[in-house]
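Coordinates in review
The lines below spell out each chain.
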Amino acid sequence: MCSWKANSSRDEQFMAEAIDLAYQGRGTTAPNPCVGAVLVDGDQIVARGWHTRYGQLHAERECLAHASKKGVDPTGLTMFVTLEPCNHHGKTPPCTEAIIEAGITKVVIGTRDPNPVAAGGVEKLQSHGIEIVVGVLEQQCKDLIADFLLWQDSHSPFNIIKMAATLDGKIASSAKKPEPVSSPESFARVHDLRGMVGAVVVGGTTFYADNPSLNCRMEQLPPDFIQPFGVVVTSRLPEDPAAHTLLRKRPERTIFMTTEIAAHSEAADRLRSRGTSVWPLPGHPGGLTLSCGFERLRYEKGCHYTLCEGGGRFSMALIQQGLADEIVHFVTPRILGDNTAPAAYSGRKSISMADSVDFRIIKTKTTGSDIMLTLRTK
Ligand code: AOF
Ligand code: ZN
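As the structure is a prediction and not an experimental result, all values here were calculated from the model. Chains are numbered independently. Their residues run from 1 in the order of the written sequence. Here every chain gets a letter starting at A, and every ligand a number starting at 1, in the order they are written. Since the coordinates come from a predicted model, pLDDT governs what is reported: local features require at least 70, and pairs of side-chain atoms require 80 or more to be given and counted, while whole-chain, interface and lining totals use all residues.

Take the overall build of the chain next. On a plain count of helices and strands, the chain comes out with 13 helices and 16 strands. Computed over its C-alpha atoms, the radius of gyration of the chain comes to 23 Å, within 12% of the 21 Å expected for a compact globule of 378 residues. Projected onto its principal axes, the C-alpha positions of the chain cover 70 × 45 × 40 Å. Per-residue burial for the chain yields a buried fraction of 42% across its 378 residues. For every residue pair, C-beta atoms are placed from the backbone, and the pair is scored as a contact if these atoms sit within 7 Å. For the chain, the share of sequence-separated contacts (at least 6 apart) that also reach a separation of at least 24 residues comes to 70%. To qualify as a helix, a DSSP run of H or I must reach at least 4 residues; to qualify as a strand, a run of E must reach at least 2; elements of each kind are numbered from the N terminus. A radius of gyration in this sense is built from C-alpha atoms; the matching globule rule multiplies 2.2 Å by the number of residues raised to 0.38. Three exposure classes are used, all based on how many other C-beta atoms lie within 10 Å of a residue's own C-beta (placed from the backbone): buried at 20 or more, exposed at 12 or fewer, and partly exposed between those limits.

Next comes the structure, spelled out in structure tokens:
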């Protein structure tokens, strides 16, 4: 259950339900936003809908279809929708028309549509005498479409850092063996995320230490499921591709992001001859300019989301380069208490708390014995 549900007013509870529904479309609506809607009669939700997939019905029409299936007459009822109903003819006709035709008399909206092409729903509905309320759980509704805002304003994919750490912020023991840190339930959530993204990205340290597969191992994968790209960011390319699981199992779905020099080496040619991509990235103080590689993942490989699982230094580099759009951080109730064990976020100097990078927690959830925090930068 989402953390903001507690102590909220009735309107907020209905909107929270619409937000939860909307999140079910996350991954498949891209590059459209996730949107959820509920139809309310008095103090009861009588129908539900969400935008399930790019190009398919919008949330409001799904909700009305659900009402019709249940034999519910929407005349005189209130609709709660996380995003301003669209007012344009896109892949589907305007939702405003469906709402007006259905005889709905009040629409409660989480946040206005930032897309100028689709906006204007509020004015259209008002001109038909429909009562409008805007701004219920507005911050949560904006958080819901942060990915959509990013896709509209930049060429970047929406990057999610995944981190699993002990109470003392350690991601492995000092032996740096690939051992599980968090509970099986947290692990399952990570695979849900891998199933949603276009690429799973790690740094060289993780690639060489853990020999990862970077694939999605959810229990029931849909028959048409395509595994995410495995992406390794490293200045050192592997000399023997066959020694690495990722390169043995799916070389054509693997991408190395590396220095200009390494990208023109014999090791790079060996990788390319097996179908693996090797992309040079321009330098950056202390590493590589990651934005260039991520943008290429979006425009060349169609990745709208990436999951970055790359250890402490790589994660901190992403944060410092302004590329961490979300962090999913699992806190596992164990302590190593060892200074030499690798930390969740590292590689940076700070002398006072004023040097910290600050985040907001947008969701908390229990996953087995762990807590899963979803965070965004402030
Ligand atoms: C809504 N409800 O469920 C969604 C909306 O490409 P189209 O025709 O599907 O239109 C996409 C635009 O419509 C999208 O950019 C956003 O502005 C709005 N999305 N609007 O009322 C929905 N998905
Ligand atoms: Zn619409």
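That was the structure; now back to the text.
This next bit is on helix 2 (residues 59-70). A helix is expected to span 1.5 Å multiplied by its residue count minus one. The first and last C-alpha atoms of helix 2 sit 17 Å apart over twelve residues, in line with the 16 Å expected at 1.5 Å per residue. Three or more residues of helix 2 are buried, namely Ala59, Glu60, Arg61, Glu62, Cys63, Leu64 and Ala67. The inward-facing, buried residues of helix 2 contact helix 1 (10-23), strand 1 (36-41), strand 2 (44-50), strand 3 (78-83) and helix 3 (95-102). One or two residues past the end of helix 2 sits glycine 71, with phi positive at roughly 75°.

Turning to the site of ligand 1, a few remarks are in order. For each residue, a C-beta atom is placed from the backbone, and the residue is labelled near a molecule or strand when this atom is within 6 Å of it. For ligand 1, the set of nearby residues contains 17 residues, the closest of which are Val35, His58, Gly90, Asn115 and Ala118. Polar here means any residue outside two lists: the nonpolar Ala, Val, Leu, Ile, Met, Phe, Trp, Tyr, Cys and Pro, and the charged Asp, Glu, Lys and Arg; Gly therefore counts as polar. Here the residues of the shell around ligand 1 are counted per class, giving eight nonpolar, six polar and three charged.

Strand pairing requires that DSSP identify at least two bridges connecting the strands. Read from one edge to the other, the open sheet built from five strands follows the order 2-1-3-4-5, with strand pairing classed as mixed. The strands lining the two open edges of the sheet, one partner per strand, are strand 2 and strand 5 (131-134). Along the sheet, successive strands turn relative to each other by an average axial angle of 20°, direction set aside. Summarising the sheet, strand 3 and strand 4 (residues 106-111) pair through five bridges and their orientation is parallel. Throughout, an axis means a line fitted to C-alpha atoms (over the contacting stretch in the case of helices), and angles, computed between N-to-C directions, take values from 0 to 180 degrees.

Nonpolar side chains in soluble globular proteins tend to end up buried together. Among the nonpolar cores identified, the biggest contains 52 residues, and Ile160, Met163, Ala199, Val231 and Val233 are the most heavily contacted of them. Considering each element in turn, this core owes the most residues, six residues, to strand 6 (residues 158-166). Those residues in contact with methionine 163, other than ones at most four positions away along the chain, are Ile171, Ser315, Ile327, His329, Phe330 and Ala344. A set of buried residues drawn from Ala, Val, Leu, Ile, Met, Phe, Trp, Tyr and Cys, joined through C-beta atoms within 7 Å, is what defines a nonpolar core.

Attention now moves to the pairing of strand 2. Two elements, strand 1 and strand 2, share six bridges in a ladder whose sense is antiparallel. By the bridge assignment, valine 40 is partnered in strand 2 with isoleucine 45.

Spatially, the nine strands line up as an open sheet ordered 10-9-8-7-13-6-14-16-15, and their pairing is mixed. The strands lining the two open edges of the sheet, one partner per strand, are strand 10 (277-280) and strand 15 (359-367). Shown here is a sheet whose adjacent strand axes are inclined to one another by a mean of 20°, direction ignored. Here strand 14 (residues 326-332) runs beside strand 16 (residues 370-377); their pairing, made up of five bridges, is antiparallel. By the bridge assignment for strand 16, phenylalanine 330 is matched with methionine 372.

As a general rule, the predicted coordinates of low-pLDDT regions are not to be interpreted in detail. Residue-level confidence of the predictor is summarised by pLDDT, bounded by 0 at the bottom and 100 at the top. Looking at the chain, the pLDDT average stands at 95 and 98% of residues meet or exceed 70. Reported confidence for the predicted complex is 0.89 by ipTM and 0.93 by pTM.

Among the five residues in strand 8 (residues 229-233), five count as buried, and that is most of the element. Side chains Phe229, Val231 and Val233 project from strand 8 onto one buried face, and the interleaved Gly230 and Val232 project onto a second face that is buried too. Here strand 7 (residues 199-203) runs beside strand 8; their pairing, made up of five bridges, is parallel. Across the sheet, glycine 203 pairs through a bridge with valine 233, a residue of strand 8. We call a crossover right-handed when, viewed with the strands running away from us, the connection from the first strand over the helix to the second turns clockwise. The parallel pair strand 7 and strand 8 is bridged by helix 8 (residues 204-210), and the resulting crossover is right-handed. Bridging between strand 8 and strand 9 (residues 254-258) involves four bridges; their strand directions are parallel. Directly across from valine 233, in strand 9, lies its bridge partner methionine 257.

Here helix 1 spans 20 Å end to end across 14 residues, near enough to the 20 Å set by a 1.5 Å rise per residue. Here the buried face of helix 1 lies against strand 1, strand 2, helix 2, strand 3, strand 4 and helix 5 (138-144).

This brings us to the packing of helix 2 against helix 3. The N-to-C vectors of helix 2 and helix 3 enclose an angle of 30°; their axes lie 8 Å apart at closest approach. Classified by the interaxial angle, the pair formed by helix 2 and helix 3 is roughly parallel. Handedness of the helix 2/helix 3 crossing: left-handed. Touching Glu60, Arg61 and Leu64 of helix 2 are Cys95, Ala98, Ile99 and Ala102, all from helix 3. For the contact of helix 2 with helix 3, the residue count by class is five nonpolar, no polar and two charged. In what follows, roughly perpendicular refers to angles from 65 to 115 degrees, roughly parallel to angles under 35, roughly antiparallel to angles over 145, and oblique to any angle outside these ranges. By the definition used in this description, the sense in which the near helix is turned from the far one sets the handedness, with an anticlockwise turn below a right angle giving left-handed and a clockwise turn giving right-handed.

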